[in-house]
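# Reading the structure
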Amino acid sequence: MSVYSFSDTAVTVQHPAVGQKVISGMGVGDIITAFANDSSVHTLSNDGRVITSKIKAPNGTLTINVMQNSDAFSWMKNLYNRLQTAGSEEWNGITVTIKSPSEFTICKACSFQKFPDVTRGQQAQMVSIVLLAEEISMEE
């Protein structure tokens, strides 16, 4: 029997020029990895036969949802601001690893899709930080 617990999951965001931040526990909502492309495509020929094409497209997005007053969001804001003023060669230098007892995911060559939207209201809100990843790989 396997049991899932988010508290057993550690997300590490790192960049060579800024260092790393382990995101876990308080202030974390959820982390979503999504591949951007299909892994196969069907093409229909004139005689009605289907040809399947296998496509290796490992790119996608990584969404990290955190509270707007969390240490994680503060660190990610500083990373974003640092990369805005850095040379373009540093822009996609973010690597994110997600480790849990049952899986290991690594997202390489990540960059910010945009600065996250922030809602300022009566209560603290979640902020969605979306990173574009050139390569996402998942292992058990």
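Only a predicted model underlies this, so the values are computations on that prediction, with no experimental measurement involved.

Within the secondary structure, Ile32 is located in strand S3 (residues 28-35). Sequence-wise, Ile32 and Thr97 are 65 residues apart; in three dimensions their C-alpha atoms are separated by 12 Å. Excluding anything up to four places from it in sequence, Ile32 contacts Thr61, Leu62, Thr63 and Asn65.

Once that is clear, we can look at the nonpolar core. Counting 26 residues, the largest nonpolar core has Val13, Ile94, Val96, Phe112 and Leu131 as its most contacted members. Listed by contribution, the elements that provide at least two residues to this core are strand S1 (10-15), S3, strand S6 (60-67), helix H1 (71-85), strand S7 (94-100), strand S8 (103-112) and strand S9 (126-139). Take this core: its biggest share by element is seven residues, from H1. Once you skip the residues sitting within four places of it in the chain, Val13 turns out to touch Gly19, Gln20, Lys21, Ile23, Ile64, Trp75, Met76, Leu79, Ile94, Thr95 and Val96.

Parameters and conventions
- For every chain, the first residue of the written sequence is number 1, and numbering continues from 1 along that sequence.
- The predicted origin of the model limits local features to residues at a pLDDT of at least 70 and limits the giving and counting of side-chain atom pairs to 80 or more, whereas totals for whole chains, interfaces and linings rest on all residues.
- Side-chain figures throughout are based on the complete set of non-hydrogen atoms in the structure, without hydrogens or water.
- Only runs of H or I of at least four residues qualify as helices and only runs of E of at least two qualify as strands under DSSP, and these elements are numbered from the N terminus.
- Contacts are residue-level and defined by heavy atoms, with any inter-residue pair within 4.5 Å sufficient.
- Residues belong to a common nonpolar core when they are buried Ala, Val, Leu, Ile, Met, Phe, Trp, Tyr or Cys residues joined through side-chain atoms within 4.5 Å.
- When accessible area is computed with a 1.4 Å probe and restricted to protein chains, residues below 20% of their type maximum are described as buried, those above 50% as exposed, and intermediate ones as partly exposed.

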